[in-house]
Amino acid sequence: MKLENNKLHQILIRNYTTAGGTVFDIPVSYQVFGRPLHTAPVVLINHALTGNSDVAGENGWWKKLVGDGKLINTLKCTVVCFNIPGNGYDDFFIDQYQDFTTSDIAQLFLNGLKKLNINQLYAIIGGSLGGAIGWEMLAIEPDLTKNFIPIATDYKTTDWLYSQCLIQKYLLENPENPLEKARNHAMLCYRTPESLNLRFNREISSENQKWKSHEWLDYHGRALKERFAVKAYQLVNHLLMTINADPEKLQHIKAEIHLISVNTDLFFPAFEMEKTYCLLKETNHINYHIISSIHGHDAFLMEYEQLIEILKPIFENDRP
């Protein structure tokens, strides 16, 4: 199948039955970067909460990592990235978001791969929600990929994560500026007290007498509102509350697993990822790495030097 690079394509999954028993026709959109399909090893990148399939190129959210001559080298491999159906990047939204779980999204991605005649991957890599979808995919098809790289994520929703997402849900149900308020709260989960305190140092803007940290939160609320819809945010927040891969099935994963945590992560804490490593180290080929950063969960989008050093043995020494 020859597809134009970087363009948004779409697959229609007909009569998909969710885990809750509801039947939908679901369009799954995606982008392809690098070598044409079926001419090179395939790397599947699963985007995070408010991300999208535009992972490389001029506007790519991971362009420091993915591209021609980059660590994930699109001169030597094919990169595929699906949109989480309902994230709105392709103008498709899901009104009944409660009917879907993270496992449903994993199954839809697997259906998309089958439609593209992709039976084997070189790697699945994803941060946060994207990595959780990867866990769910491999619980269903344990021999799908040679390498699995979940970053700042876990195979389950913990009580802490559920509680944070519950607050997000409450804020998103508020009729007054729901998306901005939810994003304000979320940013305080993605960063750390040390990160904010060092960055703003209690400074107050001379223009409006607001704390600069307040302005920063306002900026992120406005920025998300410009590119994301409330119903899309409700969906992806709900998905975070439904991560529930069967740990017994995870023991059958054939891939080499590379867990990457962030030592200051407040959203998917490093100690939880270490528990996952301990759970699987007797049955799986698994490695555990830690990014050291003051920035918390968002470090996987910031600490590129550390991330590249961790990933080099996978994407350079054993080039796809």
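Check the entry above for the structure.
In short, a report on the structure. (Residues numbered from 1 in each chain as written. Predicted model: local features only at pLDDT ≥ 70, side-chain atom pairs only at ≥ 80, totals over all residues. Heavy atoms only, no water.)

A few points about the sheet that holds strand 6 (residues 78-82)
Strand order in the open sheet made by the eight strands is 1-2-6-3-7-8-9-10, with mixed pairing throughout. This sheet does not close on itself; its edge strands, each paired only once, are strand 1 (9-17) and strand 10 (286-291). Across the sheet, the axes of successive neighbouring strands diverge by a mean angle of 20°, strand direction being ignored. Sheet topology note: the strand 3 (residues 42-46)/strand 7 (residues 121-127) ladder contains four bridges and is parallel. By the bridge assignment for strand 7, V43 is matched with A123. On top of the sheet, helix 1 (residues 102-115) reaches strand 1, strand 2 (23-34), strand 3, strand 6 and strand 7; it is set at about 125° to strand 1, its chief contact. (Pairing = 2+ DSSP bridges. Helix = DSSP H or I, 4+ residues; strand = E, 2+ residues; numbered from the N terminus. Axes fitted to C-alpha atoms, helices over the stretch in contact; angles between N-to-C directions. Contact = heavy atoms within 4.5 Å.)

Let's talk about the pairing of strand 2
Of all 12 residues in strand 2, 10 are buried; the element is thus mostly enclosed. Relative to strand 2, strand 1 runs antiparallel, the two being bridged by seven bridges. Across the sheet, I11 pairs through a bridge with V28, a residue of strand 2. Between the antiparallel neighbours strand 1 and strand 2 lie five residues, among them G21 with a positive phi of about 95°. (Buried < 20%, exposed > 50% of the residue type's maximum accessible area, 1.4 Å probe, protein only.)

Concerning helix 9 (residues 270-280)
Along helix 9, the residues classified as buried are A270, E272, M273, T276 and L280. Seen along its axis, helix 9 keeps its buried residues to an arc of 160°; they face one direction. Those residues of helix 9 that are exposed and aimed more than 90 degrees away from the buried face are F271 and K275. Those residues of helix 9 that are buried lie in contact with helix 2 (129-140), strand 8 (145-151), helix 8 (247-250), strand 9 (256-262) and strand 10. (Arc of directions from axis to C-beta.)

Considerations on the pattern of salt bridges
Tallying each qualifying case throughout the model produces 12 salt bridges. Residue D154 pairs with K156 through a salt bridge whose shortest N-O separation is 2.6 Å. One salt bridge connects E173 with K169, and the closest N-O pair in it is separated by 2.7 Å. According to the relative accessible area criterion, K169 is partly exposed, its value standing at 29%. Counted as one network, the salt bridges with shared partners bring together D154, K156, E272 and K275. (Salt bridge = Lys/Arg side-chain N within 4 Å of Asp/Glu carboxyl O.)

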